[in-house]
Amino acid sequence: MKIRKLLFVAFLAIASILFVSCSETISQVEETLATADEEKSSEIALAPGDSCTFSGDLTDAEIAGLMEMREEEKLAHDVYSSFFETYDYVIFDNISKSESAHTSAVLYLMSGYGLEDPATDEEGVFSNPIFSELFASLTEDGSAGLVEALKVGAFIEEFDINDLQNHLEETQNEDVIRVYSNLLRGSKNHLKAFTFALSRQGETYTPTVISEEEYKEILEESNTSEWTPGYYYYNSNDSTTCDGTGPDF
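Residues numbered from 1 in each chain as written. Predicted model: local features only at pLDDT ≥ 70, side-chain atom pairs only at ≥ 80, totals over all residues. Heavy atoms only, no water.

The chain carries the name DUF2202 domain-containing protein in an unreviewed UniProt entry, which gives Maribellus comscasis as its organism.

Okay, here's the thing in structure tokens:
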């Protein structure tokens with residue numbers, strides 16, 4: 001797993017340069033939340049609003065960042081979707097749907113600026129071959145068992161957190177800042193959810209991308225979405241996906 005994680009960091013570091021720079025049965029609670037999530041998932045839609053009107057210009061670095069995040073969020077979705085098929089563990093289903101909203105938010109922003117979408121519709125297949133390789137590597141790691149799959153999920157989220165924070169530091173575009181900030185909040189909630197799910201398995205998680213201090217701070221933050229620890233689900237109240245404040249927050 002450590003080797004895979006190092007490869008993950010190395011692969012995406014190279015990508016950034018190139019782009020400019022259920023062993024456990026599902027409980028009754030899980031089944032209830034899964035049903036609720038299925039009903040709410042139908043509400044996901046690209047609904048334009050005042051917060052979804054984009055204007056201004058993008059730098060080359062901002063464009064490269066959007067291209068990367070579009071496929072990085074898709075990677076998370078595809079990995080979690082694969083794990084749900086394998087383990088039938090509801091957290092993977094719920095968060096994969098959340099990641100779908102994340103990819104839609106990035107796509108809406110890209111479309112607003114007239115950028116071509118690099119993402120494919122096929123699961124596990126990406127325009128950037130690095131992400132295709134990562135999908136194969138991470139799903140292989142997670143095939144070792146539910147605990148390993150949950151650790152892969154936590155790892156993907158901490159990597160997303162690190163990437164989003166870096167992109168936020170490099171942009172002054174208010175549209176990009178708004179979307180990335182919302183996605184960052186979601187990724188932090190996902191990391192907390194995976195951590196709690198691991199604790200239910202009697203396991204702990206050790207971060208390898210962000211610092212231990214930052215990880216603890218994230219776990220101690222007040223939850224900003226309506227979810228029971230370990231059972232992340234949608235809150236669809238008056239929200240849209242176009243700026244990242246979709247029904248997963």
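Additional details are given in the paragraphs that follow.
Caption draft 1: The arrangement of the overall build of the chain in detail. Along the backbone of the chain there are eight helices and zero strands. Counted from the first residue to the last, the chain has its helices and strands arranged as α-α-α-α-α-α-α-α. Taking all 249 residues of the chain together, the buried fraction comes to 53%. (Helix = DSSP H or I, 4+ residues; strand = E, 2+ residues; numbered from the N terminus. Buried < 20%, exposed > 50% of the residue type's maximum accessible area, 1.4 Å probe, protein only.)

Caption draft 2: View of the environment of Phe 135. Of note, Phe 135 is situated in helix H5 (residues 129-142). Separated by 60 residues in sequence, Phe 135 and Leu 75 have C-alpha atoms that sit 6.5 Å apart. What Phe 135 contacts, discounting residues up to four positions off in sequence, is Leu 75, Asp 78, Val 79, Ser 82, Glu 123, Gly 124 and Phe 126. (Contact = heavy atoms within 4.5 Å.)

Caption draft 3: Representation of the packing of aromatic side chains in the model. Under the definition given, this model contains eleven aromatic pairs. Here Phe 83 and Phe 92 contribute two aromatic rings whose centre-to-centre distance is 5.4 Å and whose plane-to-plane angle is 65°, an arrangement assigned as edge-to-face. In this structure Phe 92 comes out as buried when scored by relative accessible area, which is 0%. One aromatic cluster is present, built from ring pairs that chain together Tyr 80, Phe 83, Tyr 87, Tyr 89, Phe 92 and Phe 194. Its end group placed over the ring of Phe 126, Lys 74 keeps NZ or CZ at 4.2 Å from the ring centre. (Phe/Tyr/Trp six-rings, centres within 6.5 Å; stacked < 30°, edge-to-face > 60°. Lys NZ or Arg CZ within 6 Å of the ring centre and 35° of its normal.)

Caption draft 4: Structural view of helix H6 (residues 146-169). Between its terminal C-alpha atoms H6 stretches 35 Å, which fits the 34 Å expected from 24 residues at 1.5 Å a residue. Most of H6 is tucked away: 19 of the 24 residues are buried. (Expected span 1.5 Å × (residues − 1).)

Caption draft 5: Molecular detail of the nonpolar core. Counting residues in hydrophobic clusters, the biggest one holds 56 residues, and the most contacted among them are Val 79, Ile 91, Phe 92 and Leu 150. Looking at this core, the elements that each hand over two or more residues are helix H3 (60-87), helix H4 (90-112), H5, H6, helix H7 (174-200) and helix H8 (212-220). Excluding residues within four positions of it along the chain, Phe 92 makes contact with Tyr 80, Phe 83, Phe 84, Tyr 87, Leu 146, Ala 149, Leu 150 and Phe 194. (Core = buried A, V, L, I, M, F, W, Y, C linked by side-chain atoms within 4.5 Å.)

Caption draft 6: Fine view of H8. Buried residues of H8: Glu 214, Tyr 215 and Ile 218, and no others. Across the axial projection of H8, the buried residues extend over an arc of 100°, all falling on one side. Across H8 from its buried face, at more than 90 degrees, point the exposed residues Glu 213 and Glu 220. (Arc of directions from axis to C-beta.)

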